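# Tertiary structure, described
Residue strings, one per chain:
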Amino acid sequence: MQSIFEAIKDCAKAIDIAIKNEDLGFAKSSNASGEDQLKLDVKSDRIVEERFKEVDVIKNLISEEKEDILELHPQGIYTLCYDPLDGSSLADVNLSVGSIFGIYKGTPEGKNLIASAYVVYGPRVEIGFVTQEDVRPALFRLSEGKFKKISSIELKTKGKLCAPGGTQQHWSSIHKGFIDSLFANGYRLRYSGGMVPDLHQILLKGGGLFSYPGTTDKPQGKLRQLFEVLPFALIYEKAGGEAINDKGERLLALKPKHIHDTTPCFFGSKSEIEALKSAYGV
Ligand code: FDP
């Protein structure tokens, strides 16, 4: 695991330099979810691919930016699923963006996720990292060229922030009623449109709810299971929170049928997830 984490740290440093210096234009290509790729998406994907060619325990790479599985080392034992630059459309307006990594042993699905990491590229560069063996995720910050551990991450039982994703016009009446009730109870809106900084903010400010529901235009939500949802589900559970879908099932119980499958998802402190379950009747 150490060689994988070292590679993630190197990728984070290289992607940070790319964000600060590279052209932010479109690449004239689209990813497997039909979204236009930025040159920066393609460059970040290449940075991860090149660095993990040196990590021989990684058998396969599955990237948000690649249509298919890429085999790296036939003898490897892990699959690395990653979103090299999540929220990349926010880079040109100089908001925080991120990378997400999930390390799976065996078939990539929730129960085989053995470690997760995310990187936030903001005023500072930080990594949240956790393995199945850890009690809490650890937070690392880049300082003088090295990532140093600064704290562990722990959610309070109840928070104050609400990050509601998806177009409101397409929310179900149950979801709209639930989000309205949070605001009526004093929750504050915090939504930048970048999954990594939005989830990171809730983790570091003690708690709340991030939601990306199924909507009438996207019944299965928008966020991708293998490289967005499952890695954060492990981080949230290990931080003392919960991560579920709209049926009340743990996200970590999910088995995607296709590598780019999405799912409705809710991440939060225990109290908000309990309230959500009761509003959804699950
Ligand atoms: P983006 O499309 O900019 O890459 O991963 C998709 C994502 O961003 C998440 O980072 C973010 O939480 C979500 O989409 C935002 O979607 P909405 O604009 O529909 O709220």
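Predicted model only: the values in this text are computed from it and were never measured.

It is worth spelling out the packing of helix α4 (residues 195–204) against helix α5 (residues 225–238) at this point. Working note: a packed helix pair is described by the angle between its axes plus the distance between those axes. Running from amino to carboxyl end, α4 crosses α5 at an angle of 10 degrees, the nearest separation of the two axes being 12 Å. Between α4 and α5, the angle falls in the class roughly parallel. Contacts between α4 and α5 involve Met-195, Val-196, Leu-199, Ile-202 and Leu-203 from the former and Glu-228, Val-229, Phe-232, Ile-235 and Tyr-236 from the latter. Per-class residue counts for the contact of α4 with α5 are 9 nonpolar, no polar and 1 charged.

Tallied over the entire structure, the rule returns 21 salt bridges. For Lys-148, the salt bridge goes to Glu-144, with nearest N and O atoms at 3.9 Å. The partner of Asp-180 in a salt bridge is Lys-176, with the nearest N and O atoms 3.0 Å apart. Here Asp-180 and its partner Lys-176 are both found in helix α3 (residues 173–184), 4 residues apart, which amounts to about one turn of the helix.

Here the focus is the domain arrangement of the protein. Along its sequence, the protein is organised into domain 1 (2–152) and domain 2 (161–280). Computed over C-alpha atoms only, the centres of domain 1 and domain 2 are separated by 21 Å. Summing both sides of the interface, domain 1 and domain 2 together bury roughly 2,700 Å²; the carbon and sulfur share of this comes to 66%. When residues of domain 1 are sorted by the area they lose upon contact with domain 2, Ile-100, Gly-110 and Tyr-118 head the list and together hold 19% of the total. Remark: the boundary between domain 1 and domain 2 carries 1 salt bridge. For the salt bridge of Arg-224 with Glu-64, the shortest nitrogen-to-oxygen distance reads 3.4 Å. For the interface between domain 1 and domain 2, the tally reads 13 residue pairs in polar contact (both at pLDDT 80 or more). Breaking the side of domain 1 that touches domain 2 down by element, the ones donating at least two residues are β3 (58–63), β5 (78–86), β6 (97–105), β7 (113–121) and β8 (125–131). Looking at side-chain class alone, the side of domain 1 that touches domain 2 contains 23 nonpolar, 11 polar and 13 charged residues.

Glancing now at the sheet that holds strand β4 (residues 70–71). One open sheet accounts for 8 strands, arranged β4-β3-β5-β6-β7-β8-β9-β10; its pairing is mixed. Of all the strands in the sheet, just β4 and β10 (146–152) have a single pairing partner and so form its edges. Summarising the sheet, β7 and β8 pair through 7 bridges and their orientation is antiparallel. Across the sheet, residue Tyr-118 finds its bridge partner in β8, namely Gly-128. Relative to β7, α4 is tilted by about 100 degrees, and along the sheet it contacts β5, β6, β7, β8 and β9 (138–143).

This brings us to the sheet that holds strand β14 (residues 242–244). Spatial strand order, β12-β11-β13-β15-β14: 5 strands in an open sheet with mixed pairing. In this open sheet, the two strands that pair with only one neighbour each are β12 (188–189) and β14. Alignment of β14 against strand β15 (residues 265–268), held across 3 bridges, turns out to be antiparallel. Each bridged residue has a counterpart across the sheet, and for Ile-244 the counterpart in β15 is Phe-266. Packed onto the sheet, α3 meets β11 (161–164), β12, β13 (208–212) and β15 and runs at close to 155 degrees relative to β11. Its contacts with the sheet put α5 on β14 and β15, and the angle it makes with β15 is roughly 25 degrees.

Two strands pair when backbone bridges link them, and strand β1 (residues 26–30) and strand β2 (residues 36–38) are joined in this way by 2 bridges, in the antiparallel orientation. Bridge assignment links Phe-26 to a residue of β2, and that residue is Leu-38. Following β1, the chain reverses through 5 residues before pairing antiparallel with β2; Gly-34 in that reversal takes a positive phi of roughly 80 degrees.

Conventions used here
- Residues numbered from 1 in each chain as written.
- Predicted model: local features only at pLDDT ≥ 70, side-chain atom pairs only at ≥ 80, totals over all residues.
- Heavy atoms only, no water.
- Axes fitted to C-alpha atoms, helices over the stretch in contact; angles between N-to-C directions.
- Helix = DSSP H or I, 4+ residues; strand = E, 2+ residues; numbered from the N terminus.
- Parallel < 35°, antiparallel > 145°, perpendicular 65-115°, else oblique.
- Contact = heavy atoms within 4.5 Å.
- Nonpolar A, V, L, I, M, F, W, Y, C, P; charged D, E, K, R; others polar.
- Salt bridge = Lys/Arg side-chain N within 4 Å of Asp/Glu carboxyl O.
- Domains from an automatic or database assignment.
- Buried area = accessible area lost by both parts, 1.4 Å probe.
- Polar contact = N/O pair within 3.5 Å; in protein donor to acceptor, adjacent residues only side chain to side chain.
- Pairing = 2+ DSSP bridges.

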